[in-house]
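# Architecture at a glance
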Amino acid sequence: MSNQCPPASHSGEDEMPPNYNPNNTIAVIGAGPAGMSAAIYAKRSAVDVLLFERVMAGGQIMTTQWIENYLGFPAGTTPSELVAKFQEHIASLGIDVTSENIKRVIPGDLQTVETESGKKYKCKAVVVATGARPRFLGVPGEWQLHGKGVTTCAVCDGNFFRNQTVAVVGGGTTAVEDVIYLSKIVKKIYHIHRRDQLRLAGETSDELAKLKNVERVFNHTVEEILGEKEVTGIRVKNREDGSVRDIELSGVFVAVGIAPNSDFVKDLLETDEGGFIVTKKDMSTSVEGVFAAGDVRVTDLRQVCTAVADGALAGLGATKRITGIDLA
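In this report, the structure presented in the accompanying data block is examined.

What counts and how
Residues numbered from 1 in each chain as written. Predicted model: local features only at pLDDT ≥ 70, side-chain atom pairs only at ≥ 80, totals over all residues. Heavy atoms only, no water. Helix = DSSP H or I, 4+ residues; strand = E, 2+ residues; numbered from the N terminus. Polar contact = N/O pair within 3.5 Å; in protein donor to acceptor, adjacent residues only side chain to side chain. Contact = heavy atoms within 4.5 Å. Expected span 1.5 Å × (residues − 1). Buried < 20%, exposed > 50% of the residue type's maximum accessible area, 1.4 Å probe, protein only. Core = buried A, V, L, I, M, F, W, Y, C linked by side-chain atoms within 4.5 Å. Disulfide = S-S within 2.5 Å. Phe/Tyr/Trp six-rings, centres within 6.5 Å; stacked < 30°, edge-to-face > 60°. Lys NZ or Arg CZ within 6 Å of the ring centre and 35° of its normal.

### Considerations on the side chain of S262
Among the structural elements, S262 can be located in the loop between β17 (258-260) and β18 (290-292). Within the local environment of S262, its side chain forms a polar contact with the backbone oxygen of G275, the two atoms lying 2.7 Å apart. When neighbours within four sequence positions are excluded, S262 is seen to be in contact with G275, I277 and V296.

Written out as C-alpha cells, the structure reads:
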C-alpha cells in the first residue's frame, strides 16, 4: 500500500486509488523529533503514514547552536547532524515528507486533514506534533544575533557560556529557573525584568535570593542587543527615570515565554490557558482519534528526548486506534 493518503478532489468526493485504505492511514502533522518518532512507530506497526511539514524537517531544534545530553552523542552534536539521522531513519521506512501547511482537522470516524491549499486527506488517526515557538523581545539586534549569543534555551545552550557573563530576560517561572540553572555554570548573570519585583514565594524565592553571582536589573526594559558577529552587550532602560546604560556580556537568554503552534486546532481540542494541548498518558486528546506529541502539548520538560518519547507513545496510540492491538 502507498505510504501516503492521496488528496480528495475539490468536488468533495475522495479520489481513492484501488490499493488505498484510509482506515489504515495515520496523518502526522509536523516533522520535528516528535512527529518523526510518531511516524516511525506507526510505520513499523504496518500502518501507512502521511507526514506533513510546513517549513523544514527538524522543527525548533534547528534554531539551537548545539545539542547536548542526547543519548548516543556523548560529545554532543549539531542540530543538522541529528536531524539528518532522523530523516535517514524515516526514509529507510519509505516515509515521505509532504510540504503542506495544515489549515484544520475535521474529526470523524475518518479524520479529515485540510491544507491551506485546499487539499483534503482522509485518515483514521491524526498526530499533532507542530511544536512551539519562543516569544521574542522584538528589539534591534535580537534576530540578527539569534544563535550567535542570543538564545531561548538555558538547558540547551547554557554550557556554551561557562564562566562567562550573561543576561536572563524575563520575570516568569521559566526565567527564574533559567537564572538558577545558569548560576551554576556562568560567572555572572544580570537578571533583567521590566517590573520591580518577581511574583515568587517559598523555596524558589529563597533559592534565588542565595545566589551570589546574580545582579538584579529590575524595572528595566531591553532596548537593544549589541554586537555585530556575536553578542557583546545589552542596552537597558530604566522605566522610572528613563536612563539608559549598556552592560557588557557574552550571551542573552530570552525567557519571556513560548507559544504553541496550535492555532489550527484551538477550537477543536482542549488546551490550557496558554494554548498547549491537553493530553492523556497515551498522548490522546479530547477528540477521539486525535493525538498530540512534543512541545505543542502540556508538559513539564521540552527537550529532544521527551519529544521523541511523546512521539513514540502517540504513534503507538494512533496505531492502536486502527488495529485495536495494544503494542506497548
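Back to the write-up after that little detour.
### Considerations on helix α6 (residues 304-323)
In this model, α6 (20 residues) spans 28 Å end to end at C-alpha, consistent with the 28 Å of a helix rising 1.5 Å per residue. By the burial criterion, the buried members of α6 are V304, A307, D310, G311, A312, A314, G315, L316, G317, A318, T319 and I322. Summarising the contacts, the buried residues of α6 are in contact with β1 (25-29), α1 (33-43), α2 (79-92), β7 (125-128) and β18. G324 occupies a position one or two residues after α6 and carries a positive phi of about 75°.

### Quick word on the nonpolar core
Formed by 32 residues in total, the largest nonpolar core has its most connected members in I26, V28, L51 and V127. Tallying contributions element by element places α1 first for this core, with six residues. If we skip the residues at most four places from it in the chain, I26 touches A42, V47, D48, V49, L50, C123, A125, V127, G315, A318, T319 and I322. Listed in part, the 19 residues of the second largest apolar core include A27, Y121, V126 and A292.

### Brief notes about the state of the cysteines
Taken as a whole, this structure holds one disulfide when the rule is applied. Disulfide pairing places C153 opposite C156 at an S-S distance of 2.2 Å. What sets the handedness of the C153 and C156 disulfide is the S-S torsion sign, and at about 65° it is right-handed. By the burial criterion, C153 is buried, and C156 matches it. Cysteine C305 shares no disulfide, and the gap to the nearest cysteine sulfur, in C156, comes to 9.9 Å. Residue classification places C305 among the partly exposed positions, given a relative accessible area of 40%.

### A word on the packing of aromatic side chains
For the coordinates displayed, the defined rule picks out four aromatic pairs. Considering the side-chain rings of F52 and Y121, the 5.1 Å spacing of their centres and the 75° angle between planes classify their relative orientation as edge-to-face. Placement of the pair is F52 in strand β2 (residues 48-53) and Y121 in strand β6 (residues 120-123), with a sequence separation of 69 residues. Comparing F52 with Y121, the two get one shared label, buried. Cluster of aromatic residues (ring-pair linked, three or more members): Y70, F73 and F86. Positioned above the aromatic ring of F276, the side-chain terminus of R302 is 4.2 Å from the ring centre.

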